[in-house]
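So you can see what is in the structure, the chains are spelled out below.
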Amino acid sequence: MRTIVKKAVEYIEQRATKAQRLAIVLGSGLGDLVDLVEDKVTIAYADIPGFPVSGVASHAGELVLGTIHGLDVALMAGRIHYYEDGNPAAMMLPLEVLWEMGCHTLLLTNAAGSVHESVPPASAALITDHINFSGLNPLIGDHRPPQFVDMGKAYDPELCERVRKAAKVSGAQLHEGVYVWYSGPSFETPAEINMVRKLGGDLVGMSTVPEVILGRKQGFRIAAVSLITNYAAGMRDETLSHEHTMREAERGAENMLKLFSALIRELKDNPPE
Ligand code: HPA
């Protein structure tokens, strides 16, 4: 274990002694999940040795430990993004820490744009695969084995099935599709979105992909769900902004909450390992 990771884990374990099982990264507008946590211990990222702090307004910047439906969880309320300081591996330390704390299943959430009329704002979409359109890779320079990481089943098929089942059981609405990572922080152009559609992409966003790459190297079983906050660039005569994203995320939050509540219940009743 890297020394910096050990220091962070020791700091956290002074405050919460239990081993966690499930890690969830909460993206823009998804912070409500924190309200489901019982026996909550909240630690500011700024207090954890080495932990990166996101400057994005609306990202709480807190690690929340506790239980949901009796399952030990670690929630990252907010994440750091590549576009904040140009480091594609910015989430490496948090993910290593979560792993060492005992989380081997990782659920990622994000806000994303949809390139399809049939997938409207405020809906949810299971990410079944991704296209790393940024061309960046967070593993460059990391020579620890395995250097070459298989991405054939990056989004764990069995875990994806659990997400579909949770949607069915809870009545939450759920689309699915391929997520395309653009670095941000500018939104895409209409021409770029036309290209995404032609390349087989369904969703566009500025996060998640580097976390999936880092997470697969670490060994996490991963699933990811997008909250659609807008039709992608050029599909509507509107100006995209963070405020727009937050407004639409709020409309979709209840559906996401229903989905994740059912999913956590399912993972508690039938642990993946
Ligand atoms: N593009 C990129 N990132 C996003 C979008 C989008 O349209 N919506 C929310 N995050």
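Residues numbered from 1 in each chain as written. Predicted model: local features only at pLDDT ≥ 70, side-chain atom pairs only at ≥ 80, totals over all residues. Heavy atoms only, no water.

1. Quick look at the site of the ligand
Near the ligand, the surroundings consist of Ala 111, Ala 112, Gly 113, Phe 187, Glu 188, Val 204, Gly 205, Met 206, Thr 229 and Asn 230. At 3.4 Å from a nitrogen atom of the ligand is found a main-chain nitrogen or oxygen belonging to Gly 113. Contributing elements (two or more residues each) for the shell around the ligand: β5 (105-114), β8 (203-205) and β9 (221-231). Ranked by the residues each element gives to the shell around the ligand, the list is headed by β5, at three residues. For the shell around the ligand, a count of residues per class yields five nonpolar, four polar and one charged. (Near = heavy atom within 4 Å. Polar contact = N/O pair within 3.5 Å; in protein donor to acceptor, adjacent residues only side chain to side chain. Helix = DSSP H or I, 4+ residues; strand = E, 2+ residues; numbered from the N terminus. Nonpolar A, V, L, I, M, F, W, Y, C, P; charged D, E, K, R; others polar.)

2. Some details on the side chain of Glu 211
Structurally, Glu 211 is set in helix α6 (residues 209-218). Sequence-distant contacts of Glu 211, defined by excluding residues within four places in its chain, comprise Val 25, Arg 79, Ile 80, Met 91, Leu 95 and Leu 108. (Contact = heavy atoms within 4.5 Å.)

3. Let's talk about the environment of Glu 96
Tracing the sequence through the fold places Glu 96 in helix α3 (residues 92-100). Taking relative accessible area as the criterion, Glu 96 reaches 7% and is therefore assigned buried. Separated by 90 residues in sequence, Glu 96 and Lys 6 place their C-alpha atoms 9.5 Å apart. Beyond its immediate sequence surroundings of up to four residues, Glu 96 is in contact with Arg 2, Val 5, Arg 144 and Gln 218. Within the structure, the side chain of Glu 96 is placed 2.8 Å from the side chain of Arg 144, a separation counted as a polar contact. (Buried < 20%, exposed > 50% of the residue type's maximum accessible area, 1.4 Å probe, protein only.)

4. Remarks on the packing of aromatic side chains
Applying the stated criterion across every chain yields a total of four aromatic pairs. Seen in terms of ring centroids, Tyr 45 and Phe 51 are 5.1 Å apart; in terms of plane orientation they differ by 45 degrees. Their pairing is tilted. As far as the burial class goes, Tyr 45 and Phe 51 line up, both buried. Where Phe 133 meets Tyr 182, the ring centres are 5.1 Å apart and the plane angle is 45 degrees; that geometry is what we call tilted. (Phe/Tyr/Trp six-rings, centres within 6.5 Å; stacked < 30°, edge-to-face > 60°.)

5. Looking at the state of the cysteines
By definition, a disulfide links the sulfur atoms of two cysteines through a covalent bond. What the rule picks out here adds up to zero disulfides. You can see Cys 103 has no disulfide; the closest cysteine sulfur is in Cys 160, sitting 19 Å from it. Given a relative accessible area of 0%, Cys 103 falls into the buried group. Residue Cys 160 is classed as buried on the basis of its relative accessible area of 3%. (Disulfide = S-S within 2.5 Å.)

6. Some details on the pattern of salt bridges
Applying the stated criterion across every chain yields a total of 15 salt bridges. Residue Arg 162 pairs with Glu 266 through a salt bridge whose shortest N-O separation is 3.1 Å. Here Glu 266 lies in helix α7 (residues 242-269) and Arg 162 lies in helix α4 (residues 157-170), a separation of 104 residues in the sequence. Note on Arg 162: relative accessible area 8%, which makes it buried. (Salt bridge = Lys/Arg side-chain N within 4 Å of Asp/Glu carboxyl O.)

7. Observations concerning the side chain of Thr 229
Its place among the elements puts Thr 229 in strand β9. We classify Thr 229 as buried; its relative accessible area is 1%. In this structure the side chain of Thr 229 is engaged in a polar contact, spanning 2.9 Å, whose partner is the side chain of Asn 230. When near neighbours in sequence (up to four residues on either side) are disregarded, Thr 229 contacts Ala 111, Ala 112, Pro 121, His 244, Thr 245, Glu 248 and Ala 249.

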